[in-house]
Amino acid sequence: MKAEKPAAWKRTIYCGELSLAHVGQGVILKGWVHRQRDLGNLVFIDLRDREGLVQVVVPSDKEELLDRAKKIRMEDVLTVKGIVKERDPRSRNPDMPTGEVEVVVEDLQVLSTAKVPPFVIADPPKASEELRFKYRYLDMRRPSLQRNIRLRHRAALRVRNYMSENGFLEIETPFLTKSTPEGARDYLVPSRIYRGRFYALPQSPQIFKQILMISGFDRYFQIVRCFRDEDLRADRQPEFTQIDIEMSFAGEEDVFDVNEGLMAAVFEIIGVKVERPFPRLTYQESMDKYGTDKPDLRFGMEIQDLTEIGAGLDSELVRKALSAGGVLKGLVLEGGGEYSRSQLDNFNKKAQELGGRGIIWIKKLEGFKSSLKIEERDLGKIWIKLQAKDDDLTLLVADESETAVKVLGELRKDFYLKQGENENLYKFAWVTDFPLLEWSKEEGRLVSMHHPFTSPQPEDLDLLEKEPQKVRARAYDLVLNGVEIGGGSIRIHDLDIQKRVFKILGLSEEEVKAKFGFFLEALEYGVPPHGGIALGFDRIVMILAGEESIREVIPFPKTTSALCLLTGSPAAVDDKQLGELGLKKTKG
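The shown structure was predicted, so the numbers you read here are calculated from the model rather than taken from an experiment.

Visitor: Any chance you could explain the sheet that holds strand β17 (residues 428–432) here in plain terms?
Guide: What links the strands of a sheet is backbone hydrogen bonding, and the strands pair in either a parallel or an antiparallel sense. With mixed pairing, the eight strands of this open sheet are ordered in space as β6-β9-β10-β22-β21-β20-β17-β11. Every other strand in the sheet has two partners, leaving β6 (169–170) and β11 (280–282) as the edge strands with one partner each. Of the pairings in the sheet, the one linking strand β20 (residues 475–480) to strand β21 (residues 483–490) comprises six bridges and is antiparallel in character. Pairing of Asp477 across the sheet is with Gly487, part of β21. The strands touched by helix α5 (residues 206–214) within the sheet are β9 (219–227), β10 (239–248) and β22 (530–536), with β10 carrying the most contacts at an inclination of about 25°.

Printed below as a string of structure tokens:
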């Protein structure tokens, strides 16, 4: 009987799974050479696979094997047969999960050799993002990315199991659909068969999931790819993944309950117990207290209104802002009293970059010091009102209300993030009662703050035509540690209200019929009240993994300029392909 060839050996265990429990066992490993150390009479190899690293040792008594091992290079692919041995206490590696054991090689074979890689495969990465993205297949060999992609799989599996257990059906919706541009730009796909006509890649399955509710599938979900041709942003991708959820016969509380349970289930993966119920703030409360509709609740430091005190201050700067209809807002930076003048100048510069006039600061380490030249008793009134402590720093902004809270909200966030505290805290919040509409300077008209299928609050319906910007929506965002991870709403299920909203948005009857006629017709056939949410799966996994960019949890991300450096896309196509689509290139 012929001996089995090494290439045919069947793996018995992953490298990263070995432990003291396997000592004395024979194992077969397969993986990549992470590092090779030639000590002359011994060769040590760190072998890596998707589960981690383990040290394998080629002993001196196997001369032929030792000669082969000396020729092995980084990133060669090996199959190894050996015996698991406990490492000497003096040579154990506490930084490696498998650091208490090693594998003494009985035989090995190089299955594939590798060129010298363009960068060292290690954590943290030793190359620029551009180079790593060009060779993404090498970049993804890094242990951290292997861990992140496995975590992504586990999160998706947890989502599917939880949703199924709660009566939701996973239903696929089309990728080739109709362009209904009421948000970001669509990616358009020309039709070869129907020249001059186009499909669009979906920004969201919004209309289809509402049609599923009309169809009687009263609990739907999908982990779905979506596409938005947006202007470039640092942490956005032209294609992304969301957890799409829709429920019939549901109000806000039903949506909140399901999603809080889902977050609790997903965060169990990393051993985090999620506190429920999540805090709730209205949009206006969130803006007033934190200067943002994405509040980070891991720390306090709420913005406070000092307008009443400001009215009595002998300060031309404050008086001028208030007489123009502005406000005086204040913020306490806890423990910030030792900030230097240059640091305070940086605060002022940041405030101006955000569109404000600047900031006013007050300290009290050795008596009051302030950039605002007013009586000490007035500084004391502000200090008491803000409930500041002696080692704190207070920042004030006298400006338009929207600008004042925006500036202080950004400074609050920047100050907290620089402290680097509470990194392992996870604080969720629901932000509710968003404005239904907002004015777009770019388009010169009212646009939906979320989307045009969002239901107005019933008590605000009378304002729809009279004062549309005062109408509140039955919309809600889910925020985690200052990051919006989901947004949704209770939908319009009444045809008349839907038509009224379209009219307020400035859409003519012809436009509505052309873009949404099929959907409006569906609303005539008995529609249950329904609502839902779309959760940013990439962002959730980013937070689970402790990363700062979604690009670190996406297998094949685009750059911030929407390029795929691995494949070189987007790329030109030849004239023949364009001709088949009835298209031709234009100059410019």
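Here the narrative resumes.
Visitor: Would you mind going over the packing of helix α4 (residues 143–165) against helix α6 (residues 252–267) with me for this structure?
Guide: When two helices pack together, their arrangement is given by the angle between their axes and by how far apart the axes lie. As a packed pair, α4 and α6 sit with axes 9 Å apart at the nearest point and diverge in direction by 140°. If you check the angle between α4 and α6, you find them oblique. By crossing handedness, the relation of α4 to α6 is classed as right-handed. In this structure, α4 uses Arg158, Val159, Tyr162 and Met163 to contact α6, whose residues at the interface are Asp257, Val258, Gly261, Leu262, Ala265 and Val266. Counted by class, the contact of α4 with α6 contains seven nonpolar, one polar and two charged residues.

Visitor: Could you clarify how one ought to interpret helix α10 (residues 341–353) in this entry?
Guide: Because an α-helix completes one turn every 3.6 residues, residues spaced three or four positions apart along the sequence face the same direction. With 13 residues, α10 extends 18 Å between its outermost C-alpha atoms, agreeing within 8% with the 18 Å of an ideal straight helix rising 1.5 Å per residue. Regarding α10, the residues found buried are Leu344, Phe347 and Ala351. Take α10 and look down its axis: the buried residues cluster within an arc of 50°, on one side only. Residues of α10 that are exposed and point over 90 degrees away from its buried face: Lys349 and Glu353. Tucked inside the fold, the buried residues of α10 contact β13 (327–333), β14 (360–363), β16 (393–399) and α12 (401–419).

Visitor: I would appreciate a short explanation of the nonpolar core in the present structure.
Guide: Ile245, Met263 and Phe267 are the most contacted members of the largest nonpolar core, which totals 44 residues. A total of nine residues in this core trace back to one element, the largest contributor, which is α6. Discounting chain neighbours no more than four positions away, the residues touching Ile245 are Met163, Phe168, Lys209, Tyr220, Phe221, Asn259, Leu262, Arg491, Gly532, Ile533 and Leu535. If you look at the next biggest cluster of nonpolar residues, it comprises 31 residues, including Phe434, Phe516, Phe519 and Ala522.

Visitor: Please clarify how the pattern of salt bridges should be interpreted in this entry.
Guide: Two side chains carrying opposite charge are able to pair once their charged atoms lie near each other. Enumeration according to the criterion identifies 48 salt bridges in this entry. The salt bridge partner of Arg92 is Glu100, with a shortest N-O separation of 3.7 Å. Residue classification places Glu100 among the partly exposed positions, given a relative accessible area of 37%. Between Asp123 and Arg142 there is a salt bridge whose closest N-O contact spans 2.6 Å. A residue pair is termed long-range when its members are at least 10 positions apart, and Asp123 in the loop between β5 (101–112) and α2 (129–134) and Arg142 in the loop between α3 (136–139) and α4 qualify at 19 residues.

Visitor: What am I meant to see in the sheet that holds strand β15 (residues 369–370) here?
Guide: What the five strands build is an open sheet, ordered β12-β13-β16-β14-β15; its pairing is antiparallel. Looking at strand neighbours, the two that pair on one side only are β12 (304–305) and β15, the edges of this open sheet. Sheet analysis places β14 next to β15, joined by two bridges and oriented antiparallel. Counterpart to Ile362 in the pairing with β15 is Ser370. Contacts from helix α9 (residues 316–323) reach β13, β14 and β16, with the element oriented near 45° to β16.

Visitor: Would you mind showing me how to read empty space enclosed by the protein here?
Guide: By rolling a water-sized probe across the atoms, one finds the places where empty space is left. Evaluation of the coordinates by the stated rule reveals two cavities of 30 Å³ or more. Along its surface, the largest cavity is lined by Phe133, Arg136, Phe556, Pro557, Cys564, Leu565 and Leu566. Here the lining of the largest cavity is composed, by residue class, of six nonpolar, no polar and one charged. Of the volumes computed, that of the second largest cavity is approximately 30 Å³. Taken together, Arg225, Gln237, Glu239, Ile554, Phe556, Pro557 and Lys558 make up the lining of the second largest cavity. For the lining of the second largest cavity, the per-class residue count stands at three nonpolar, one polar and three charged.

Cut-offs used in this document
- Residues numbered from 1 in each chain as written.
- Predicted model: local features only at pLDDT ≥ 70, side-chain atom pairs only at ≥ 80, totals over all residues.
- Heavy atoms only, no water.
- Pairing = 2+ DSSP bridges.
- Helix = DSSP H or I, 4+ residues; strand = E, 2+ residues; numbered from the N terminus.
- Contact = heavy atoms within 4.5 Å.
- Axes fitted to C-alpha atoms, helices over the stretch in contact; angles between N-to-C directions.
- Parallel < 35°, antiparallel > 145°, perpendicular 65-115°, else oblique.
- Left-handed = near helix turned anticlockwise from the far one by under 90°.
- Nonpolar A, V, L, I, M, F, W, Y, C, P; charged D, E, K, R; others polar.
- Expected span 1.5 Å × (residues − 1).
- Buried < 20%, exposed > 50% of the residue type's maximum accessible area, 1.4 Å probe, protein only.
- Arc of directions from axis to C-beta.
- Core = buried A, V, L, I, M, F, W, Y, C linked by side-chain atoms within 4.5 Å.
- Salt bridge = Lys/Arg side-chain N within 4 Å of Asp/Glu carboxyl O.
- 1 Å grid on protein atoms, 1.4 Å probe; cavity = no way out; pocket = protein on both sides within 12 Å on 5 of 7 lines; lining within 4 Å.
- Points joined across faces, edges and corners; volume = space filled by probe spheres on them.

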